[in-house]
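Letter by letter, the chains look like this.
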Amino acid sequence: MAPRFHDLKVASIERQTPEAVAIAFEIPADQAEAFAFTPGQYLTLATDIDGTEARRSYSICSAPGDPYLRVGVKKVADGRFSTFVNDVLSVGDTIRVMPPQGRFTALKGERHDYLLFAAGSGITPMLSIARTVLAHEPESTITLVYGNRSTETIMFLEELNDLKDRHMGRFTLIHLLSRETQDVELLNGRIDAGRVGELASGGLIEPAAMDGVFLCGPGEMIDAVSGALETMGVERDRIRFERFTPSGEAPAPRKASKAAREAVQDGVAIEVVVDGVRRSFSMQDADGTVLDAAHKAGIELPYSCAGGMCCTCRCRVVEGQSEMAVNFSLEPWEVEAGFTLACQTRPTAKKLVLDFDAA
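Since this is a predicted model, take the numbers as computed values, not measurements. (Residues numbered from 1 in each chain as written. Predicted model: local features only at pLDDT ≥ 70, side-chain atom pairs only at ≥ 80, totals over all residues. Heavy atoms only, no water.)

Draft legend 1. Here's a closer look at the nonpolar core. Judged by nonpolar contacts, the single largest core of 30 residues is most densely connected at Ile270, Val272, Phe281, Val290, Leu301 and Phe356. Elements represented by at least two residues in this core include exactly helix H6 (258-263), strand S12 (268-274), strand S13 (277-283), helix H7 (290-296), strand S16 (339-341) and strand S18 (351-355). Not counting the four nearest positions on each side in its chain, isoleucine 270 is found in contact with Arg279, Ser280, Phe281, Met283, Val290, Pro347 and Leu352. (Core = buried A, V, L, I, M, F, W, Y, C linked by side-chain atoms within 4.5 Å. Buried < 20%, exposed > 50% of the residue type's maximum accessible area, 1.4 Å probe, protein only. Helix = DSSP H or I, 4+ residues; strand = E, 2+ residues; numbered from the N terminus. Contact = heavy atoms within 4.5 Å.)

And the structure:
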């Protein structure tokens, strides 16, 4: 079933830093099953801002069993949604929330050694993963490398310190600060390929010995650190990541191919299956996407980031051919199996059928 929004009441808003808050939602008893989550997943929030719907995905920072479902939201420059949440949203307000999604989740099994890299608000899924692993895997260990500008910008500082105190020997916390000098020179600067190498050389981390390495932050950080880790002998399948934005060095969205432009000359017949219901519309813009065309036709499809990163609009091509402008989230096996992202999909034939209910 395609995800649907539910109205949830804001139970609390806790100021984490001058630019970030943690929002807690009340989950009605009859929606508890819908909002059950795996640590590392995210929520898609939606609200109307200045008469226009805005959507944004935020990672869950709660652990299963907590009384409320929480997300962390950091205000970003020109961020309509994050500004609304930080400056306008109040306790008692209701906001539209999709059930949890995402595959940036902890490893299965009873004992693992984790290495986590987080930058800024990338700490939110890491906090959920760390709290859950430390509470339920008594033999597992976690090393968290957390990058920020300064001490005052560190989200969930008290909770992280509490975890460190309660799980000494199992939870190692390494703070890197880029605009505040620390006594240890190695801890001054950003999380990048060079710094990862220095941390490894200094014995603070052992990437090749880890069962799983998790990265959450800007795309450029993820690309740089992933490359460094592979150079150190960490297998690609042991590296998991969650991007904030595409890397500045990543390829720009591809222009529509010749096949895509020829396909839309007289219009492409698009069919989508959502919640077992088949809807049809036409697409005529070669530089647009299936999601754009659906919006123009007044048809609601599941989506969140619309940037090829979150997988909310993941669906399967069951008839026809298509291409994607960019893809930051589907694994190679998914693409080979016929999955695509509606927010990036352009048809390359006269008919395209997409199934959003496909597992």
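Additional details are given in the paragraphs that follow.
Draft legend 2. Region of interest: the pattern of salt bridges. Throughout the structure, instances matching the rule amount to 23 salt bridges. Of the charged contacts, one joins arginine 111 and aspartate 113 as a salt bridge, the two residues approaching to 3.0 Å between their closest N and O atoms. Between arginine 236 and glutamate 230 there is a salt bridge, with the nearest N and O atoms lying 3.3 Å from each other. Overall, the relative accessible area of 60% leaves arginine 236 in the exposed class. Here the salt bridges do not stand alone but share partners, grouping Asp48, Glu53, Arg55, Arg96 and Glu300 into one network. (Salt bridge = Lys/Arg side-chain N within 4 Å of Asp/Glu carboxyl O.)

Draft legend 3. Local environment of the sheet that holds S12. Strand order in the open sheet formed by 5 strands is S13-S12-S18-S14-S16, and the pairing between neighbours is mixed. Of all strands in the sheet, those with a lone pairing partner are S13 and S16, marking the two edges. Each strand axis lies, on average, 35° off the axis of its neighbour in the sheet, ignoring direction. Judged from the 5 bridges that link them, S12 and S18 form a sheet pairing that is parallel. Each residue of the ladder has a partner; that of glutamate 271, found in S18, is valine 353. (Pairing = 2+ DSSP bridges. Axes fitted to C-alpha atoms, helices over the stretch in contact; angles between N-to-C directions.)

Draft legend 4. Structural detail: the packing of aromatic side chains. Counted according to the given criterion, the structure contains 4 aromatic pairs. Pairing tyrosine 58 with phenylalanine 81 gives two aromatic rings, centres 6.0 Å apart and planes at 45°, and the pair type is tilted. With tyrosine 58 in strand S4 (residues 52-59) and phenylalanine 81 in helix H1 (residues 80-87), the pair connects residues that are 23 residues apart, well separated along the chain. The exposure class of phenylalanine 81 is buried, given its relative accessible area of 5%. Centroid distance phenylalanine 81 to phenylalanine 84: 6.4 Å. Interplanar angle 70°. Geometry classified as edge-to-face. Of this pair, phenylalanine 81 and phenylalanine 84 both sit in helix H1, 3 residues apart, which is roughly one turn of that helix. Overall, the relative accessible area of 15% leaves phenylalanine 84 in the buried class. (Phe/Tyr/Trp six-rings, centres within 6.5 Å; stacked < 30°, edge-to-face > 60°.)

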